[in-house]
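As a plain string of letters, each chain reads:
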Amino acid sequence: MVSDAAIATVVALVVTASFPFYLYGAWIILESDPVTWAVLTRHLKFIVVGLLLTTVPFLTWMLPRFIDHFGGGLAAVHAFLGLQAYAMLILALTGIVRIFQVKRTHDLYGTPNPEMDISELHENMDSWRWRLRAGVAGYIVFWLLAWTLGVARFFILHTDYL
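Cut-offs applied
- Residues numbered from 1 in each chain as written.
- Predicted model: local features only at pLDDT ≥ 70, side-chain atom pairs only at ≥ 80, totals over all residues.
- Heavy atoms only, no water.
- Helix = DSSP H or I, 4+ residues; strand = E, 2+ residues; numbered from the N terminus.
- Buried < 20%, exposed > 50% of the residue type's maximum accessible area, 1.4 Å probe, protein only.
- Contact = heavy atoms within 4.5 Å.
- Axes fitted to C-alpha atoms, helices over the stretch in contact; angles between N-to-C directions.
- Parallel < 35°, antiparallel > 145°, perpendicular 65-115°, else oblique.
- Left-handed = near helix turned anticlockwise from the far one by under 90°.
- Nonpolar A, V, L, I, M, F, W, Y, C, P; charged D, E, K, R; others polar.

**Q** Give me the overall build of the protein: which residues, what numbers.
**A** A count of helical and extended segments in the protein gives 4 helices and 0 strands. Taken from the N to the C terminus, the helices and strands of the protein come in the order α-α-α-α. Projected onto its principal axes, the C-alpha coordinates of the protein cover approximately 60 × 25 × 25 Å. Counting only residues that meet the buried cut, the protein has 28% of its 162 residues in that class. Sequence-distant contacts, at least 24 apart, represent 73% of the contacts inside the protein between residues at least 6 apart.

**Q** Run through the packing of helix 3 (residues 73-105) against helix 4 (residues 125-158), naming residues and quoting values.
**A** Direction vectors running N to C along helix 3 and helix 4 enclose 155 degrees, while the axes themselves pass 7 Å from each other. With respect to helix 4, the axis of helix 3 lies roughly antiparallel. Here helix 3 and helix 4 pass one another in a crossing that is left-handed. Considered class by class, the residues forming the contact of helix 3 with helix 4 number 25 nonpolar, 8 polar and 4 charged.

**Q** Can you explain the side chain of His78? Please cite residues and give values.
**A** Positionally, His78 belongs in helix 3. Setting aside residues no more than four positions away along its own chain, His78 makes contact with Met62, Ala146, Leu149, Gly150 and Arg153.

Pasting the structure below:
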């Protein structure tokens, strides 16, 4: 049977590997003006890979072992920060889904008009854009904090370094 330390090492590496996908996905959007359908789908491919690299280990390995490790304060803080990251992701999704619907309705992914102010497309567009930005920024901040604590817990539980 494979040891917990070996599995923890793989999980730590997989979750760590997700961060470059988030960064590259963000870079794709930040460097594109206008954001076409091709740009959006390319961006989402990298973001989805990053989310899968984080969420699959969480659901399959971290969550089932959470109760066993809950006695330590770091485990509780790590879990809290991770859940906050996912809460911020949900906030971002409430914005991006509505933005996507309005931009799709106005065909801004098919034949984008760089002169068009997307704030004028719907009365709530600025609110949705704020939700998207706050949610993404919050997700990254909480993800980094949870990752840092997760790495610390990995070293405490599975190595002789600390």
